[in-house]
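Per-entry structural report
Each chain, letter by letter, is given below.
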Amino acid sequence: MSKAGGNEGGGGGSSETAQQPEAEGKTSAGKALSKLSVTTIGPSWTKVNCPCCVSERVEPLVLVKLGEKVRPETKRWLVRLIGAPQKDGGAALLAHPGEDASGDLIVVSAPRCTLLKATEDLGLCKTYRNKDMEAFSYNDRDNFKDSDNMEVFLTLAERQYIVRYQLEGMRAQKEMKIPGLSDSYTLQHRANIWRKLVSAGVIMDTFPLHNPTKLRDLSKAWYSGNQLAQPLDSVNGYFGTPVAFYFSFLDFYTWSLLPPAILGLSITFFSAEVEKEMIEPVLTSAEDDSAPAVTGHMIQAIFSMLWSTVFIELWKRRSSTLSYRWGTLTLADRFAEPQPGFHGDIGVNPVTGRMEPLFPEWRRDLRMALVSVPVVGLFLGLVVLGMLCFYWGEAQVQRLHKDWESLLSLTLLYIPSVLHIVYTNMLANVYRMVAQSLTEYENHREESAFENHLTAKVLVFTFFNNFAVLFHIAFFKQDVPLLRKRLASLLIVTQLVNQVTEVVIPYLVDRFISVPNRAESEDDPQEDKYRNQSTLPAFPGLFAEYIELLVQFGYLSLFSCVYPLTAVLLLINNVTEIRTDAYKICKLFRKPFYAPVANMGVWQIAFEVLSFVSVVSNCWLLLLSPRLQKLCQEGGMSGTNILLFAVLVEHVLILVKVVMAVLIPDEPDWIRKKRERIEYTSMRALREQKLHQES
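Cut-offs used in this document
- Residues numbered from 1 in each chain as written.
- Predicted model: local features only at pLDDT ≥ 70, side-chain atom pairs only at ≥ 80, totals over all residues.
- Heavy atoms only, no water.
- Helix = DSSP H or I, 4+ residues; strand = E, 2+ residues; numbered from the N terminus.
- Expected span 1.5 Å × (residues − 1).
- Bend = angle between axes of the 7 residues up to and from the residue.
- Buried < 20%, exposed > 50% of the residue type's maximum accessible area, 1.4 Å probe, protein only.
- Contact = heavy atoms within 4.5 Å.
- pLDDT = per-residue confidence, 0-100.
- Axes fitted to C-alpha atoms, helices over the stretch in contact; angles between N-to-C directions.
- Parallel < 35°, antiparallel > 145°, perpendicular 65-115°, else oblique.
- Patch = residues over 30% accessible without salt bridge, like charges linked within 9 Å, V, L, I, M, F, W, Y side chains within 5 Å.
- Areas by Shrake-Rupley, 256 points an atom, 1.4 Å probe, with all protein chains shown as cover.
- Salt bridge = Lys/Arg side-chain N within 4 Å of Asp/Glu carboxyl O.
- Pairing = 2+ DSSP bridges.
- Core = buried A, V, L, I, M, F, W, Y, C linked by side-chain atoms within 4.5 Å.
- Phe/Tyr/Trp six-rings, centres within 6.5 Å; stacked < 30°, edge-to-face > 60°.

1. Quick notes on helix α7 (residues 212-224)
Side chains of residues three or four places apart in an α-helix project in the same direction, reflecting 3.6 residues per turn. With 13 residues, α7 extends only 16 Å from end C-alpha to end C-alpha; this falls clearly short of the ideal 18 Å at 1.5 Å per step. A maximum bend of about 25 degrees is found in α7 at L218. Those residues of α7 that sit buried are L215, L218, S219, W222 and Y223. Packed against the buried residues of α7 are α8 (232-239), α9 (241-256) and α20 (566-588).

Shown next, in the form of structure tokens:
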């Protein structure tokens, strides 16, 4: 049998040159699989027809888990199909059937040419011979650095995503019956084969395989030691750009908290009038003619507005630099294939001319208007109901404290806030599941549209759920002490709840329940180690992590002027958050698939929106300053004039934010020139390719 694979190599020492002669290669499939992590080429790997892809070693990248009742002939057909060329409806990959034909595992790898062609399809940039980053072109592959060594040329995360990309792109070239299945699962022309097999129960799961050596090295450099810097390039190489961007943003945000934290400490401990201002109610604050005209309250509010703008703009610059370094600055804008959950009547897509499910836009809009919007409104109503219950409980404990005036009654003052925080967290968890179901019911064609609609639903609810009470206390009740107490409760209780639910509980489950069931030794067959990986829970994604950071950013930029220690508490939390999140993704979950991305996407827009809302919030919080109110009254300003003055100041500060955003470019000048150069060379290569085809 011909040798398979390209010079894609093993990940981090996970493959070695074959030592056995061809005759000895005809051992059992089970023995061949037991050597998959140090893979020699035997008769179980599918063939490759391209001479440049023949290699003596193969790197296992992805594991496909089949259903328990899948028949051997179905598995054999699927293995052959995965290895078949794309023109025949295959994925042009390498497949290994596992221990035998009746097993429920298929191990998948990728030859060199398939990886290189997919790199061009995805629009990734790689290092050219002149050491600049250029958009990769398969026809010009020999001029790209390390294009003959896939382990160096592509990251492990990129290679694994390309395997998934190829598998999910398989389409039937003609009407065909799937061996071992009933006629109801017949594949129509141009039907998506992978989606059909998933719906038929043939494929139960597909996930990338961990590389133990690389994972161990990454863990030591990331969270096991005392280092402060994160190995972001290694994180990108192992988990992909979305995970690397999240941890880079978390790192940048955490250290950006130092200036507001220092200011908050200074105001708290060295500004007596601020402490007095925060403790006394606005309407009953004592007059003090000796107080300075500019208070710490005002300084904190103005600083929060300016800090949020500078932070966002500097992050954009760092994001563009990382995007260039990781080769995703100019990702190709492809017409996306339908997502796996998309369904409808089979027809011809007017854009691609292919047969695929079609779903009218008006039906999707009708579902959103008649189902999604009312359900979201219902949950917003539950938020208001919880807020009313909080006010009722607050009034009761205030009355109780007034009667008792004891240490116990003083402690009880925080009970309504704690209970309301628990209620909002539980409501948020339920709403996320409901939002997922609603978005699935809307039946969006592209995965990007699905993610955007889901994110929009969750962001609207998150903003209302987390900030409605604070806005009501600040601008309607105008009760600064209550606002301060509420914010302190949120910062402390929410962070404790997040740490327990996100890390402590998963760690205890993994340590005392899961680990004993998947104990393994070096001598265990490789298939047993792969099965152990399949028992890990799927990674829940970065959605909840970004929501947590967004809420944090809201607390800091919108309300920190009434509680200057906000940044201090967030800084302490995030220093531990970096390590706990790193531990969680490395140890507690299965390795996730992630497509290359150029930035944080919609989350960056969400942070920018909050940055602008902070101007409105802080301007109105400035009106709560007793000193400012007294100055306005001494100047003979009426309530209407004070309101108009606040609106004017708000617009001026928004203008200042816009000017600052314009003055700080979104990307460094050298990155802009590199991007324009990449776009120019890509257009020139495309023009030359068209001329060559015409000639």
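2. Let's talk about the confidence of the model for the chain
Averaged over every residue, the pLDDT of the chain is 81; residues scoring 70 or more account for 85%. pLDDT under 50 marks residues 1-43. Its contacts with residues more than four places away, or in other chains, come to 131 contacts. Every residue in residues 277-291 is under pLDDT 50, and counting partners more than four places away or in other chains gives 30 contacts.

3. Description of helix α16 (residues 447-477)
Helix length check: α16, at 31 residues, gives a terminal C-alpha distance of 43 Å against a target of 45 Å (1.5 Å per residue), a fit within 8%. The largest bend along α16 reaches roughly 50 degrees and is located at F467. Q478, located one to two residues past α16, shows a positive phi value of around 50 degrees.

4. Considerations on the packing of helix α3 (residues 112-122) against helix α5 (residues 156-168)
Axis angle and axis distance: for two packed helices, these are the angle between their axes and the distance between the axes, and together they describe the pair. Orientation of α3 relative to α5, taken along the N-to-C sense of each, is 85 degrees, at an axis distance of 10 Å. Between α3 and α5, the angle falls in the class roughly perpendicular. Counting all contacts with α3, which are made through T114, L115, A118, T119, D121 and L122, the residues of α5 involved are R159, Y161, I162, Y165 and Q166.

5. A closer look at a nonpolar patch on the surface
A cluster of nonpolar side chains, contributed by V500, V504, I505, Y507, L508, V509 and F512, occupies part of the molecular surface with about 600 Å² of accessible area. Within the secondary structure layout, L508 lies in helix α17 (residues 480-517). The class for L508 is partly exposed, based on a relative accessible area of 40%.

6. Points about the sheet that holds strand β6 (residues 203-208)
Here we have four strands laid out as an open sheet, ordered β2-β3-β1-β6, and antiparallel in their pairing. The open sheet has two edge strands with one neighbour each: β2 (94-96) and β6. Adjacent strand axes in the sheet meet at a mean angle of 20 degrees when their direction is disregarded. With four bridges connecting them, strand β1 (residues 62-66) and strand β3 (residues 105-109) associate as antiparallel partners. Residue pairing in the sheet places K65 in a bridge with L105 of β3. Contacts between α5 and the sheet are confined to β1, β3 and β6, with β1 contributing the most and set at about 45 degrees to the helix. With respect to the sheet, helix α18 (residues 526-534) is in contact with β1, β3 and β6, its orientation differing from that of β6 by roughly 100 degrees.

7. As for the nonpolar core
Within the largest apolar cluster, 157 residues are counted, with the highest numbers of intra-cluster contacts made by L78, I82, I106, W222, F239, Y253 and F559. With near-sequence residues (within four places) excluded, I82 lies in contact with A91, A92, L93, A95, I106, V108, L167, M170 and W194.

8. Focus on the packing of aromatic side chains
All told, the structure shown has 36 aromatic pairs when counted by the stated rule. Taking the centre distance of 5.8 Å and the plane angle of 85 degrees together, the rings of Y223 and Y583 count as edge-to-face. Linking Y223 in helix α7 with Y583 in helix α20, this pair joins segments that are 360 residues apart in sequence. Measuring from ring centre to ring centre gives 5.3 Å for F245 and W326, while their planes differ by 75 degrees; the resulting arrangement is edge-to-face. Of this pair, F245 sits in helix α9 while W326 sits in the loop between α12 (296-325) and β7 (345-348); the two residues are 81 residues apart in sequence, bridging distant segments of the chain. Side by side, F245 and W326 carry an identical accessibility label, which is buried.

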